[in-house]
Protein chains: 2
Amino acid sequence: MQSLCSSLRTEGLRIGFVPTMGALHEGHLSLVDLIKERVDILVLSIFVNPTQFGHNEDLDKYPRDLEQDKMLCINRKVDYIFAPSIEEMYQSNYSTKISENSLSIGLCGSSRPDHFSGVALVCAKLFNICQPSVVAFGQKDAQQVAVIKRMVRDLNFQIDVLVGPIIREYDGLAMSSRNRYLSVENRDKALSLNRSLQRGKQLFTEGTTDARKITNEIKSDLSRVEGLELDYVEIVNRENLVAELDVKAKQSICVVAVWVNKVRLIDNYCF
Amino acid sequence: MQSLCSSLRTEGLRIGFVPTMGALHEGHLSLVDLIKERVDILVLSIFVNPTQFGHNEDLDKYPRDLEQDKMLCINRKVDYIFAPSIEEMYQSNYSTKISENSLSIGLCGSSRPDHFSGVALVCAKLFNICQPSVVAFGQKDAQQVAVIKRMVRDLNFQIDVLVGPIIREYDGLAMSSRNRYLSVENRDKALSLNRSLQRGKQLFTEGTTDARKITNEIKSDLSRVEGLELDYVEIVNRENLVAELDVKAKQSICVVAVWVNKVRLIDNYCF
């Protein structure tokens, strides 16, 4: 893959890259569309990266469907799929770690302490292998976006990071490979994420700028859903993820994480 | 620098890169010679990297002589010198760290706990800026060589790492920018490093393969030098830096670190 991408670059072609863990949905594919017109070659990676899963997380049962993914990629005119094995990606004695020590700390970082180190590591590796000029990530993983942008800046990767908007199901549920885990009943409960974020948006539209008032309203909304356990609701600056007291349009973002019967779901809304 | 190097690569030119902290000596320049015939363009960086110095170390007094360095580079036909400022290299809120958690631990890592993280970070940044196909490091910094090779492998940098032999002064002292700190008297004491390593070599040539016998002899030799404080003498595998009980030709390396009146000096010998 690396020598292929080197050849492509030597030919003067610009490579666009969408890293994924497979189980592709319209969220991923919208990133392909977003990036495709800006590049000559589109590479999409499918790799369920073990280093970004905690010990008690869902690495083993994470959905994998390479055949289906291939079909979707062919339909969307992805040029190359890169789907390495764990052994190809991680030598048994690998010992290099990348950590981002500011943006990774709170929010999802609190309950997933090594998650963003694993994401940063695999992205650095994939960037060096696939040598993209442009990469795309989904806004659904808002903290991941901030961490990757920071890493790209701090390590001087010569890469433009594009961010695609959250893609939602017909009923407002943010698309996620993990939605496949949800029973009909739990899926119904999961809808409360977007519903409560919409309620927060409405409060802001109506003139409320006090971040705590908005997050309290969202928490209160979510607390009424039986079987839903709240991880966090916060309003932060979308670039540096610092908590904001006053909500600012186009700058503040409300981020939410919950468990619905052990399925972890996240969602967010940019004011 | 990055866009220059991108242009050069797009033209199909191979870039060779020698990262340095300046105060150039024949050790650095031998790396230029080593790498030059394999590449089209030679880049040498001069950057006294703050993140690889500990709080009590010699960052402030580290020798800097950019004009002299320029002359030496011109004479050796270096194509580009990259000498960024600290502000250009590190944004005030940089928060990404690279750590190598195996080879960095012992030897110099024991007394310089953040040193190799700083080296790894700046090298990753410089590699992304200068986009070399080949880089060269000096064997004098044996642990640094092992850490960088490991990082290049683990992060999938598409870079060949060449290692140049230790270059010595007429009297056997390993060349180092820090030798400038030595008074005549202390320079004389510093000669004991190479002398004791030669003694170790002699023992091996005479048939001694017991690593401990050799290191004990070296320690004993160094302990007789007044004003010299021993940090470590170890015989390790040159790739993975694991301690070796039996010395093996072309595989084992004897590494030594001392302080001579607060000046830290290292040296090593490959059997």
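### Focus: the interface of chain B and chain A
Point 1. Contacts between the two partners involve 28 residues from chain B, matched on the other side by 28 residues from chain A.
Point 2. Elements that contribute at least two residues to the side of chain B that touches chain A include exactly helix H1 (2–10), strand E4 (96–100), helix H6 (115–130) and helix H7 (142–154) of chain B.
Point 3. The biggest single contributor to the side of chain B that touches chain A is E4 of chain B, with five residues.
Point 4. Broken down by class, the residue content of the side of chain B that touches chain A amounts to eight nonpolar, 14 polar and six charged.
Point 5. The sheet contact formed by strand E4 (residues 96–100) of chain A and E4 of chain B spans five bridges and is antiparallel. Across the sheet, Ser99 of chain A pairs through a bridge with Lys97 of chain B, a residue of E4 of chain B.

### Some remarks on the pairing of strand E9 (residues 263–270) of chain A
All names here are of chain A.
Point 1. Summarising the sheet, strand E8 (residues 252–260) and E9 pair through eight bridges and their orientation is antiparallel. By the bridge assignment for E9, Ala257 is matched with Ile266.
Point 2. Hairpin connection, E8 to E9: the antiparallel pair is bridged by two residues, and Asn261 has positive phi, about 45°.

### Observations concerning the confidence of the model for chain A
Point 1. Confidence in the prediction of chain A, expressed as mean pLDDT, is 96, and 100% of residues score 70 or more.
Point 2. Across the interfaces of the predicted complex, the ipTM metric reaches 0.96, alongside a pTM of 0.97.

### Regarding the domain arrangement of chain A
Residue and element names in this part refer to chain A.
Point 1. Assigned domains of chain A: these are domain 1 (2–164) and domain 2 (177–270).
Point 2. Distance from the C-alpha centre of domain 1 to the C-alpha centre of domain 2: 25 Å.
Point 3. Opposite the 13 residues of domain 1 that make contact, domain 2 presents 15 residues.
Point 4. When residues in the side of domain 1 that touches domain 2 are grouped by element, the largest group, three residues, is from helix H7 (residues 142–154).

### Quick word on the environment of Lys201 of chain A
Residues and elements named next belong to chain A.
Point 1. Relative to the helices and strands, Lys201 is located in helix H8 (residues 184–205).
Point 2. For Lys201, a count of 16 C-beta atoms within 10 Å gives the class partly exposed.
Point 3. Separated by 53 residues in the primary sequence, Lys201 and Cys254 have C-alpha atoms spaced 9.0 Å apart.

### Regarding H6 of chain B
All names here are of chain B.
Point 1. Over its 16 residues, H6 extends 22 Å from the first C-alpha to the last, a length consistent with the 22 Å expected when each residue adds 1.5 Å.
Point 2. Along H6, 15 of the 16 residues are buried, which leaves the element largely enclosed by surrounding structure.
Point 3. A positive phi of about 50° marks Gln131, the residue just after H6.

### Considering the relation of the copies chain B and chain A
Point 1. Note on the identical chains: chain B maps onto chain A by a rotation of 180° and an axial translation of 0.0 Å, with an RMSD of 0.0 Å. Such a turn and shift between the copies fits a two-fold axis. Closest approach to the rotation axis within chain B is made by the C-alpha atom of Ile98 of chain B, at a distance of 2.2 Å.
Point 2. When you check the interface residues of chain B against chain A, 100% turn up at the interface there too, and the contact is symmetric in its surfaces.

### What about the sheet that holds strand E8 (residues 252–260) of chain B?
Residue and element names in this part refer to chain B.
Point 1. Read across the open sheet, the three strands follow the order E7-E8-E9; overall the sheet is antiparallel. Since the sheet does not close on itself, it has two edges, and those belong to strand E7 (228–237) and strand E9 (263–270), each with one partner. Averaged over all pairs of adjacent strands, the angle between their axes in this sheet comes to 15°, without regard to strand direction.
Point 2. Here E7 runs beside E8; their pairing, made up of nine bridges, is antiparallel. What sits directly across from Val233, in E8, is Val256.
Point 3. Running over the sheet, helix H8 (residues 184–205) touches E7, E8 and E9 and is turned about 20° from E9.
Point 4. Together, E7 and E8 form the strand contacts of helix H9 (residues 211–223), whose direction differs from that of E7 by roughly 165°.

### Thoughts on the environment of Ile41 of chain A
Point 1. Structurally, Ile41 of chain A is set in strand E2 (residues 41–46).
Point 2. Sequence separation of Ile41 of chain A and Ile15 of chain A is 26 residues, and the distance between their C-alpha atoms is 4.9 Å.

### Notes on the packing of H8 of chain A against helix H9 (residues 211–223) of chain A
Residue and element names in this part refer to chain A.
Point 1. Contact geometry of H8 with H9 gives a least axis separation of 9 Å together with a crossing angle of 150°. Between H8 and H9, the interaxial angle falls into the category roughly antiparallel. Along this stretch, H8 crosses H9, giving a crossing that reads as right-handed. Residues Ser192, Ser196, Leu197, Arg199, Gly200, Leu203 and Phe204 of H8 form the contact with H9, whose participating residues are Ile214, Glu217, Ile218, Asp221 and Leu222.
Point 2. Residue composition of the contact of H8 with H9, grouped by class: six nonpolar, three polar and three charged.

### Looking at H9 of chain B
Residue and element names in this part refer to chain B.
Point 1. The terminal C-alpha atoms of H9 lie 18 Å apart, and with 13 residues this matches the ideal 18 Å at 1.5 Å per residue to within 8%.
Point 2. Looking at H9, one finds that the buried residues are Ala211, Ile214, Thr215, Ile218 and Leu222. Mapping the buried residues of H9 onto a view down its axis gives an arc of 95°, with all of them on the same face. Those residues of H9 that are exposed and angled more than 90 degrees off the buried face are Arg212 and Ser220.

### Structural notes on the pairing of strand E6 (residues 160–164) of chain A
Residues and elements named next belong to chain A.
Point 1. Bridge analysis of strand E5 (residues 134–138) against E6 gives five bridges, and the strand direction is parallel. Across the sheet, Gly138 pairs through a bridge with Gly164, a residue of E6.
Point 2. A crossover connection joins E5 to the parallel E6 through H7; in handedness this β-α-β unit is right-handed.

Calculation rules
- Residues numbered from 1 in each chain as written.
- Chains lettered and ligands numbered in written order.
- Predicted model: local features only at pLDDT ≥ 70, side-chain atom pairs only at ≥ 80, totals over all residues.
- Contact = placed C-beta atoms within 7 Å.
- Helix = DSSP H or I, 4+ residues; strand = E, 2+ residues; numbered from the N terminus.
- Nonpolar A, V, L, I, M, F, W, Y, C, P; charged D, E, K, R; others polar.
- Pairing = 2+ DSSP bridges.
- pLDDT = per-residue confidence, 0-100.
- Domains from an automatic or database assignment.
- Buried ≥ 20, exposed ≤ 12 C-beta atoms within 10 Å, placed from the backbone.
- Expected span 1.5 Å × (residues − 1).
- Least-squares fit on C-alpha atoms with pLDDT ≥ 70 in both.
- Axes fitted to C-alpha atoms, helices over the stretch in contact; angles between N-to-C directions.
- Parallel < 35°, antiparallel > 145°, perpendicular 65-115°, else oblique.
- Left-handed = near helix turned anticlockwise from the far one by under 90°.
- Arc of directions from axis to C-beta.
- Right-handed = clockwise from strand over helix to strand, strands pointing away.

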